[in-house]
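# Residue-level structure breakdown
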Amino acid sequence: MNQAQGKIMGFKDGSWNKRISLALIAILAMTILLSFPQVGFAATSATIQFNQNLGQRSPNVFGGAINQLDGASDVDSLRSVGISFARRDVYLSQILPNTTVAQYLADMSVSGGVDDPNNWDWSQYGWVDTYHNKGLKTMIILSYNVGWLSSNNANNGVPKNWTVYEDIIKKITQRFQGKIDFIEVWNEPDLAQFLDISNSGYANSLAAYKAIYTHAANAIRSVNATIPIGGPSLSTTDTSWANALLQDANIKPNVNFLSYHHYQMVPNGEPNIQALRNVASSNGVSNMPIYITEWNWDWQYIGSSMNNDSTHAIPYVAQRLNDMIWNNVAGTGYFAFNKQTTHPDFYSIYSNGSLTPKMNTYRVLAKQLGLGAGAFTLRGSSWVNGAASIVAGGATNSSGNPVAWVVNTSTSVGDNLNFNFNGLKANTSYVAAAYEASLWQNGTAVSFTTSFTTNASGNATLSFWTPYESVIGIKLTEQPPSPGVVSNGSFESPTTSNFAYRPLGATWTFTGDAGIQRNGGDFGASATPLGVQTAFVQNSGTMSQLVSLTAGTYKVSFKAAKRMSYGGTQTFNVMFDSTLIGTYTPSTGTFAALTTSNFTATAGTHTISFVGTTTGDNTDFIDDVVLTAV
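Residues numbered from 1 in each chain as written. Predicted model: local features only at pLDDT ≥ 70, side-chain atom pairs only at ≥ 80, totals over all residues. Heavy atoms only, no water.

## Comments concerning the overall build of the protein
Here is the rule we go by: In this description a helix means any DSSP run of H or I spanning at least four residues, a strand means any run of E spanning at least two, and both kinds are numbered starting from the N terminus. Burial classification: accessible surface area is computed with a 1.4 Å probe over protein chains only, and a residue below 20% of its type maximum counts as buried, one above 50% as exposed, and the rest as partly exposed. Whether two residues are in contact is decided by their heavy atoms: any pair within 4.5 Å suffices. We get accessible surface area from the Shrake-Rupley algorithm with a probe of 1.4 Å; when it comes to residues, only the shown protein chains can shield them. Just so you know, the count uses Lys and Arg for positive and Asp and Glu for negative, and it drops His and the chain ends. Where a charge lies is defined by one atom per residue type: Lys uses NZ, Arg uses CZ, Asp uses CG and Glu uses CD.
Counting secondary structure elements, the protein contains 11 helices and 30 strands. Each of the three principal axes of the protein carries a C-alpha extent, and together these read 110 × 55 × 45 Å. Sorting the 630 residues of the protein into buried and exposed places 55% on the buried side. A fraction of 75% describes how many contacts in the protein between residues 6 or more apart in sequence connect residues 24 or more apart. As displayed, the protein offers around 24000 Å² of accessible surface, 50% of which is attributable to carbon and sulfur atoms. If you average the places of the 33 positive and of the 37 negative side-chain charges in the protein, the two averages end up 4 Å apart.

## Brief notes about the packing of aromatic side chains
Heads up, the rule is: Any Phe, Tyr or Trp ring, taking Trp's six-membered ring, that has another such ring centre within 6.5 Å forms a pair; planes under 30 degrees apart are called stacked, those over 60 apart edge-to-face, and the others tilted.
Scanning the model with the defined rule gives 49 aromatic pairs in all. Arranged with centres 5.3 Å apart and planes meeting at 85°, the rings of Trp440 and Tyr468 form a pair that is edge-to-face. You can see Trp440 sitting in the loop between strand 15 (429–437) and strand 16 (448–453) and its partner Tyr468 sitting in the loop between strand 17 (460–466) and strand 18 (470–479), a full 28 residues away along the chain. When its relative accessible area of 25% is taken as the criterion, Trp440 is described as partly exposed. Under the relative-accessibility criterion, Tyr468 is labelled buried at 16%. Between Tyr501 and Phe536 the ring centres are 5.1 Å apart and the planes differ by 85°, which places this aromatic pair in the edge-to-face class. Of this pair, Tyr501 sits in strand 19 (residues 499–501) while Phe536 is found in strand 22 (residues 533–538), placing the two residues 35 residues apart along the sequence. The exposure class of Tyr501 is partly exposed, given its relative accessible area of 31%. An aromatic cluster of three or more residues is present, and its members are Phe50, Phe419, Phe421, Tyr430, Phe448, Phe452 and Phe464.

## Some remarks on the sheet that holds strand 29 (residues 604–612)
Each strand in a sheet pairs with another by means of backbone hydrogen bonds, the pair being arranged parallel or else antiparallel. Quick reminder of the rule: DSSP calls a pair of strands paired once it identifies at least 2 bridges connecting them. Only the stretch in contact is used when fitting a helix axis, every axis being a line fitted to C-alpha atoms; angles between N-to-C directions are given from 0 to 180 degrees.
Pairing in this open sheet of five strands is antiparallel, and the strands run 20-23-29-25-26 from one edge to the other. Looking at strand neighbours, the two that pair on one side only are strand 20 (509–511) and strand 26 (579–584), the edges of this open sheet. Each adjacent strand pair in this sheet contributes to an overall mean axis angle of 20°, direction not counted. In the sheet, strand 25 (residues 572–576) pairs with strand 26 via five bridges, with the strands oriented antiparallel.

## Points about the nonpolar core
Definition in use: What we call a nonpolar core is a set of buried Ala, Val, Leu, Ile, Met, Phe, Trp, Tyr and Cys residues that are connected through their side-chain atoms within 4.5 Å.
Counting 128 residues, the largest nonpolar core has Phe62, Ile168, Ile172, Tyr362, Phe419, Phe421 and Ile474 as its most contacted members. Ranked by residue count, the leading element in this core is helix 7 (residues 205–221), at nine residues. Apart from residues lying up to four places away in sequence, Ile474 is in contact with Leu369, Pro402, Val403, Ala404, Phe419, Phe421, Ala432, Ala433, Ala434, Phe448, Leu462 and Phe464. Core analysis: the second largest hydrophobic core is formed by 28 residues, Tyr554, Val556, Ala601 and Val625 among them.

Nothing here speaks to function; it is geometry throughout.
Structure representation (structure tokens):
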């Protein structure tokens, strides 16, 4: 299944009391599931191709739009779950004094007048400093107008004097210089409630917006040459406004990003992102950043629990973020990261300061997997639904950790998941730490850890249970080889019932006619000195392993025997990197203890190799390989 084609079957809205009842039932069900084997389900599977580089993605996808959130502790709560980006209004009507256009123009030629920003009211904008100091990337919205400057005498009209408007925008930009990161011009200008063109002389809202954008950008660029400016921040996915901005030669140089809003109850893969990108490309800007500066379940102020604290929102938010990451969104503004106290219709923080369940999705993806910490590289992904409906993704985070996630969007069905990791480092040990956001877990603590070793192709598979309506993130940490230790020196892994040439997953790399054989198999070897399997080197076959050493002197000891049932005598060399440290020709079928010459190693990673040197169907068996400091 293509990533962008993943669709949920449907999310439900319900009361909190019902959810508590369901939780009790689910806990009982989970107890039963943990007590008995999972049967009756076709396993769901997902595959991450870590050797596929699909390009960098921005941590600003983990962002939110905010109406009001001023407290430092509340911002700390957002940062604690990996939130990296915030979008918020700067209202001209809150800042500017009540005056007239004539008075403002007159005062521009004198000091200390109404045009002086020292006489403006900045009391409601301490949050700009707070967000900046807390490390949030901040996009301000140049929100609307003030009545005395407006063509309709209200705060949502077209400016009737561009000299005054540009001066205001210039001074707001100067005030926040170095504390803000992006500027969005106006909000939803396609709606009359936000842009009323009455008495403005403009034929339509698009024409008026182009004029507003032109003058706002001129003002911003007069004091800041580099801050990204963008819009049109439409309430819909209409691309015609973006096209109009980019086709205007005066506006186009100052369109540094495109933005729109997308409230959608059923995730649809976000095709509008590519539609806007196509518009930009057709106008000669192939790398235009696209922002979804507002998104959620529903735009209406009706207190929907899906917009606020429903646990159903956990997989909904996760799938939408997954779709946005796949489509390379530069940043998003989930609406809204408000507090319940001030905005009961759109909130993410309860009145007591705790976070709502959907924020656990951010905790898993942005914080625990580290995707909110910096630019990350998206990897290839695919999945097959079994009993559960899922979407999945994978990346390498800014710290270099391979990470992966799976979202179970099913409303009532969990399933076993086979999670395939392909294209990791070959023959390498990893520790996998899992984090879960669901009805049962909030992603704060590790839900389980396990370790595995990739095969010679760098592949491995984890299998675990995915609850319904959950997101599970897996963070992989590469484990360096233990200094001075040969891994799997008795060749017990992987298990074979007879023999296997060039087996995968052995921590050894076999080439040519070399592999692993088992007691009682067709090779007819004597009973192994350690365990039930040995390596074999036949003809010019080789086997090798990387070892991590501190500086010092070492030797390799092992046991070897000749195959007596078939073939002639085999000779093999033992190599340390490219240095010969021993040549051996076993002459009997009895395993003999052998030791190489001492050798000196520098600190770092080196290779121990056993290399067959004869021609013909001649075989030696090797077991119990040990590396020892002298």
